[in-house]
Number of protein chains: 2
Amino acid sequence: MSKTNDRPKARTDTRGEETRRRLIEAGLDVFGLYSFEGATTRMLADRAGVNLAAIPYYFDGKEGLYRVVVEHVAAGIGERMLPAVERIDAVLANDELSHGQLLDLLHGLLERFAAMLIGSKEPEKWARIIIREQMQPTEAFDILYRSPMRLILDRCAVLVGRLLGRPADDPDILIRAFTLLGQILVFRMAREAALRTLGCHQFDDSHVAAIQAVVREQTERLFASDPGGGS
Amino acid sequence: MSKTNDRPKARTDTRGEETRRRLIEAGLDVFGLYSFEGATTRMLADRAGVNLAAIPYYFDGKEGLYRVVVEHVAAGIGERMLPAVERIDAVLANDELSHGQLLDLLHGLLERFAAMLIGSKEPEKWARIIIREQMQPTEAFDILYRSPMRLILDRCAVLVGRLLGRPADDPDILIRAFTLLGQILVFRMAREAALRTLGCHQFDDSHVAAIQAVVREQTERLFASDPGGGS
DNA sequence: GTCTATAGTCGGATAGAC
DNA sequence: GTCTATCCGACTATAGAC
């Protein structure tokens, strides 16, 4: 019989790469569900369908795998938010913007944030890892904070600052930016309570749309105060 | 020498009660810091200054202690929010209220919520336990949801509903209530990120006041839309 | 009621065959 | 590169002395 493992022409180390990939995938699930301490190497290896010994071999132990998983999360969030962030940066670089233009950028950022956080499937796993790092930051928190969190928070603060005519590093402006994001984050962070209250088992597109609509309307109200300056 | 353990007149089981109390106190710290799985009976017993075997003896095991700790958390939150909640219930029972009165009640609720969640010391421990239950609800989640969470959320929804002239169980109203609470919750849930962004190591009274001021102003704005109806 | 000692289980990491 | 077998440490719970 012709064996099926005639080496694929592309590369000989595909096997190892595949093992790495599957362990990271498993790490997203398992670390998210059971936390770093709660996760066992046996769970990780079983879920990945690889051998237990592959963890110390490829990642220098459970801790090393965790770090790589967190980096994966940071990269995933960055990827999803990048379009909105780049658009903001591009427009902000220009010149003095109208109230409406700034508000549009803010709407876009928050909408994208909500879509990513509440709607998509992958962030479900990401969120749990992030929340745990918020409660009990390990050295991996830096990875999350410096890249994807600041990415979003900074832009939010800049926009709020411009809308209110104050610098983006004013503590009051930072607090306002946080509350804006908090309106959305709560549906992820207090997810179980939100689901029970709304009487459903998971958020679908219509829920996301409803939340986005509320946030948009409320954001509009919060910054619609320029006297007499309607649309 | 007169022995010191001549039985105290009040009760003979004081010793056991003390042990129970100390284990619950230790559970608040340790379960919050390390989660249920991460906490070990040794940590719990050491922190409580009692013997390891006291845990299965008094609480029927680690799991039983956890349940009692969660009940303790629920009771603590209920206690702290009760004044604001009772005031709301008393006033709402009356009759048709003015926009300003409803808004005052909402301000009171949110202010108290912020004070409890961000300012006080104990909720620091409570919050971690609650957040973990949100992510990975155990049977203990019911205890938290049915008593202290609904306590606050229901009142918030009722007030928002009355302010907007819609029923409190309208999904849109529930979403709005959630976003209001989210503005505050974010400082607890994304605490580490908030602290880093504001450049401090913990929230003090001035931070709490600043957050309360922002929330108050924004809430005012969100519901100040009744046309022509100034204060 | 409280403690010490221990049983029984499961954790992560490694050695060495394939 | 991957697997099996195994070590060693840490965990929860219990038994029985005090």
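Here, every reference points to the structure presented above.
Colleague: Could you give an account of the overall build of chain A, naming the residues involved and the relevant values?
Modeller: Helix and strand content of chain A: 10 helices and 0 strands. Secondary structure elements of chain A, listed N to C terminal, follow the sequence α-α-α-α-α-α-α-α-α-α. For chain A, the spread of C-alpha atoms along the three principal axes comes to 80 × 40 × 35 Å. Relative to its 231 residues, chain A shows a buried fraction of 51%. Within chain A, contacts between residues at least 6 apart in sequence are counted, and of these 70% link residues at least 24 apart. Counting only carbon and sulfur atoms, one obtains 50% of the accessible surface of chain A, whose full area is about 11,400 Å². Taken together, the 30 basic and 33 acidic charged side chains of chain A have centroids lying 7 Å from each other.

Colleague: Any details on the interface of chain B and chain A? Residues and values, ideally.
Modeller: Listed as interface residues are 45 residues of chain B and, on the opposing side, 45 residues of chain A. Around 4,600 Å² of area is buried between chain B and chain A when both sides are counted, 67% of it from carbon and sulfur atoms. Together, Met135(B), Ile175(B) and Phe178(B) form the three largest contributors to the area buried by chain B at its contact with chain A, with a combined 14%. For the interface between chain B and chain A, the tally reads 4 salt bridges. A salt bridge links Arg176(B) to Glu217(A); the nearest nitrogen and oxygen atoms lie 2.7 Å apart. Joining chain B to chain A, the criterion identifies 14 residue pairs in polar contact (both at pLDDT 80 or more). Looking at the side of chain B that touches chain A, the elements that each hand over two or more residues are α1 (14-38), α6 (122-135), α7 (141-164), α8 (171-189), α9 (191-198) and α10 (205-223) of chain B. Of the residues assigned to the side of chain B that touches chain A, the class counts are 25 nonpolar, 8 polar and 12 charged.

Colleague: Can you explain the packing of helix α4 (residues 62-94) of chain A against helix α6 (residues 122-135) of chain A? Please cite residues and give values.
Modeller: All names here are of chain A. At a minimum axis separation of 10 Å, α4 and α6 run at an interaxial angle of 120°. One way to sum up the angle between α4 and α6 is to call them oblique. Between α4 and α6 the crossing geometry is left-handed. Mapping the contact onto sequence places Tyr-66, Val-69, Val-70, Val-73, Gly-76, Ile-77 and Arg-80 in α4 and Glu-122, Pro-123, Trp-126, Ile-129, Ile-130 and Glu-133 in α6. Partitioned by chemical class, the residues of the contact of α4 with α6 number 9 nonpolar, 1 polar and 3 charged.

Colleague: Mind laying out the protein's contact with DNA strand C, listing which residues take part and the relevant values?
Modeller: The environment of DNA strand C is formed by 14 residues, the closest being Thr41(A), Arg42(A), Lys62(A), Asn51(B) and Tyr58(B). For DNA strand C, the backbone portion of the atoms within 4 Å of the protein, that is sugar and phosphate, comes to 63%. Residue Ala39(A) places a main-chain N or O atom 3.2 Å away from a phosphate oxygen belonging to DNA strand C. Counting only elements with at least two residues in the surface near DNA strand C, the list comes to α2 (41-48) of chain A together with α1 and α3 (54-59) of chain B. Of the residues contributing to the surface near DNA strand C, the split by class is 6 nonpolar, 5 polar and 3 charged.

Colleague: How would you summarise unusual backbone geometry if you had to cite specific residues and measurements?
Modeller: With phi around 60°, Asp60(A) is a residue other than glycine that occupies positive phi space. In this fold, Asp60(A) is placed in the loop between α3 (54-59) and α4. Accessibility expressed as a relative area gives 72% for Asp60(A), which makes it exposed. Non-glycine residue Ser35(B) carries a positive phi angle of around 70°. Classification of Ser35(B) by relative accessible area gives buried; the value is 5%.

Colleague: How would you summarise the pattern of salt bridges if you had to cite specific residues and measurements?
Modeller: Pairing between side chains of opposite charge can happen when their charged atoms approach one another. Residues and elements named next belong to chain B. Per the stated rule, a full pass over the model turns up 34 salt bridges over all chains. Residues Arg-21 and Glu-18 are paired through a salt bridge, measuring 3.3 Å at the closest nitrogen-oxygen approach. In this pair, Arg-21 and Glu-18 are both assigned in helix α1, 3 residues apart and thus about one turn of the helix distant. Given the relative accessible area of 33%, Glu-18 is considered partly exposed. Asp-29 is the partner of Lys-125 in a salt bridge, and the nearest nitrogen-oxygen pair spans 3.3 Å. Linking Lys-125 in helix α6 with Asp-29 in helix α1, this pair joins segments that are 96 residues apart in sequence. By relative accessible area, Asp-29 is classed as buried at 16%.

So, how was this worked out
Residues numbered from 1 in each chain as written. Chains lettered and ligands numbered in written order. Predicted model: local features only at pLDDT ≥ 70, side-chain atom pairs only at ≥ 80, totals over all residues. Heavy atoms only, no water. Helix = DSSP H or I, 4+ residues; strand = E, 2+ residues; numbered from the N terminus. Buried < 20%, exposed > 50% of the residue type's maximum accessible area, 1.4 Å probe, protein only. Contact = heavy atoms within 4.5 Å. Areas by Shrake-Rupley, 256 points an atom, 1.4 Å probe, with all protein chains shown as cover. Lys, Arg positive; Asp, Glu negative; His and termini not counted. Charge placed at Lys NZ, Arg CZ, Asp CG, Glu CD. Buried area = accessible area lost by both parts, 1.4 Å probe. Salt bridge = Lys/Arg side-chain N within 4 Å of Asp/Glu carboxyl O. Polar contact = N/O pair within 3.5 Å; in protein donor to acceptor, adjacent residues only side chain to side chain. Nonpolar A, V, L, I, M, F, W, Y, C, P; charged D, E, K, R; others polar. Axes fitted to C-alpha atoms, helices over the stretch in contact; angles between N-to-C directions. Parallel < 35°, antiparallel > 145°, perpendicular 65-115°, else oblique. Left-handed = near helix turned anticlockwise from the far one by under 90°. Near = heavy atom within 4 Å.

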